[in-house]
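Okay, here's what each chain looks like letter by letter:
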Amino acid sequence: MKRNVITLLMALTCATSAWAIDADEQLDYCHRQVERALSGLRPYRFDMEPRNILDGQTQWNCRKAKAEEWCSGFWPGILWMDYGYMKEKGKGKSEKLKEAAEGYTDALSFLSRQPAYDHDLGFLTINSFLKGYEQTANAEYKRIALAAADTLATLFNAKVGTILSWPRHVGDYGGHNTIMDNMINLELLFWAAGNGGSPLLRDIAISHATTTMRHHFRPDGSCYHVAVYDTLTGEFLRGVTHQGYSDWSMWSRGQSWAIYGYTMVYRYTHDPVFLQFAQKVSDVYLKRLRETSDDMVPYWDMDDPRALSPDGHCPKDASAACVVASALLELSTYLDGWRGRQYREAAEAMLTDLSTDRYQSRDRNVAFLLHSTGHHPAGSEIDASIIYADYYYIEALTRLKALSK
């Protein structure tokens, strides 16, 4: 039987979570894994960024830092968050972390000097330079982030109302394509508009979020992976998948991008329309999670037939759980009463499950987590440790620690 977690969560009326998790204990675990990983990466090649650890491996597989490698910003971001945690604790090792974070971040400086390869410029910059700027107030990091925001804005199609995600796939899809992942990149535009950049960047971000809200979702709040528009007229043509099970299925990480994205948009706009929509896309995720999973970590796609079969051996996706946990912790702060408690306790339950031996890598490899799924239809990174799972895991724990204060 599937555990009826969400029903139980909604019945709780006290502020204390039934799944109490010690954020410091888990952040200490993350730090130990970071130190092990850095040891394996020495002597550092800062232009080679960790990406994944496949089954049976113990060390990170690294890829060349370049615009088409969308995951290059996650490792610097992990280092910056671990540095912030260790600095707060007053540990002397924090300066060595800072040196490594600076090296891996500086390796991405080229992003401010070239045209946009695709929408992932936001991922690359937010997770490295903005995390670094939070910790150091380095003026060069701010300059690079502002330049990257201007570059990202060149992909905006005013007729459509969204940023083009994959210029290289316009022909494949027969029009302007926007993927749900693109919602995360809007943070770079919002941040830039509020930190010396053009106010038009905020307008672009709001247009993208509004247009996506209008066309990228089914009536129940579940999302397509890709929305295709007529490049010239802006007409919405169809919703399809690229990394999900099917055009009509709920690809778990795609839904997680929606939850995180609309929560973040509300943070910057305080528009109640976006807050209501963040709840809608969260609620359908939690409902489907209850119906399909044996814990608070989803299968890679909630409509994969194996997810509905007791003997289906369907791959999990810990990365989606990490993204959602981080987003729900933030969402919980914008809502009073039982709604806020529901989201916080759901997030804590997710982190509790993620912090067990079932999902933590521990001595099996140097990552934080096991059991993420990258691009299932392409047979890529299935049941692996993936760098963005670790990024959102430590981000969620950092947020939980801040809330616990």
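Residues numbered from 1 in each chain as written. Predicted model: local features only at pLDDT ≥ 70, side-chain atom pairs only at ≥ 80, totals over all residues. Heavy atoms only, no water.

Asker: So, the side chain of S385: which residues are in play, and what are the values?
Answerer: The residue S385 is located in strand β9 (residues 380-386) in this model. Engagement of the side chain of S385 in a polar contact is seen with the side chain of N365, the distance being 3.2 Å. Within polar-contact distance, the side chain of S385 engages the backbone oxygen of L369 at 2.6 Å. In this structure, S385 is in contact with R51, N52, I53, W60, S361, N365, A367, L369 and L370, ignoring residues within four places of it in sequence. (Helix = DSSP H or I, 4+ residues; strand = E, 2+ residues; numbered from the N terminus. Polar contact = N/O pair within 3.5 Å; in protein donor to acceptor, adjacent residues only side chain to side chain. Contact = heavy atoms within 4.5 Å.)

Asker: Could you give me a rundown of the sheet that holds strand β6 (residues 226-229), with the residues and numbers involved?
Answerer: Taken together, the 3 strands give an open sheet; going across it, the order is β5-β6-β7, and neighbouring strands pair in antiparallel fashion. On the outer flanks of this sheet lie β5 (176-179) and β7 (236-240), each paired with one strand and no other. Across the sheet, the axes of successive neighbouring strands diverge by a mean angle of 20°, strand direction being ignored. (Pairing = 2+ DSSP bridges. Axes fitted to C-alpha atoms, helices over the stretch in contact; angles between N-to-C directions.)

Asker: Provide a residue-level description of the pattern of salt bridges, including the pertinent values.
Answerer: Enumeration according to the criterion identifies 28 salt bridges in this entry. Ionic pairing is found between E187 and R267, a salt bridge with its closest N-O pair at 3.2 Å. Of this pair, E187 sits in helix α8 (residues 182-193) while R267 sits in helix α10 (residues 252-269), and the two are 80 residues apart along the sequence. Its relative accessible area of 13% is what places E187 among the buried residues. Salt-bridge contacts for R358 lead to D294; the nearest nitrogen and oxygen are separated by 3.4 Å. With a gap of 64 residues between them, R358 in the loop between α13 (337-354) and β8 (372-375) and D294 in the loop between α11 (272-292) and α12 (318-332) connect regions that are remote in the sequence. Judged by relative accessible area, R358 falls into the partly exposed class, the value being 39%. We classify D294 as partly exposed; its relative accessible area is 34%. (Salt bridge = Lys/Arg side-chain N within 4 Å of Asp/Glu carboxyl O. Buried < 20%, exposed > 50% of the residue type's maximum accessible area, 1.4 Å probe, protein only.)

Asker: Can you explain the sheet that holds strand β1 (residues 48-53)? Please cite residues and give values.
Answerer: Whether parallel or antiparallel, the strands of a sheet pair through hydrogen bonds between backbone atoms. Pairing within the open sheet is antiparallel, and its 4 strands lie in the order β2-β1-β9-β8. Bordering the open sheet on either side are β2 (61-64) and β8, each of which pairs with just one other strand. Between one strand axis and the next, the sheet turns by 50° as a mean value, whatever way the strands run. Of the strand pairs in this sheet, β1 and β9 are connected by 2 bridges, and their pairing is antiparallel. Along β9, the bridge assignment pairs N52 with I386.

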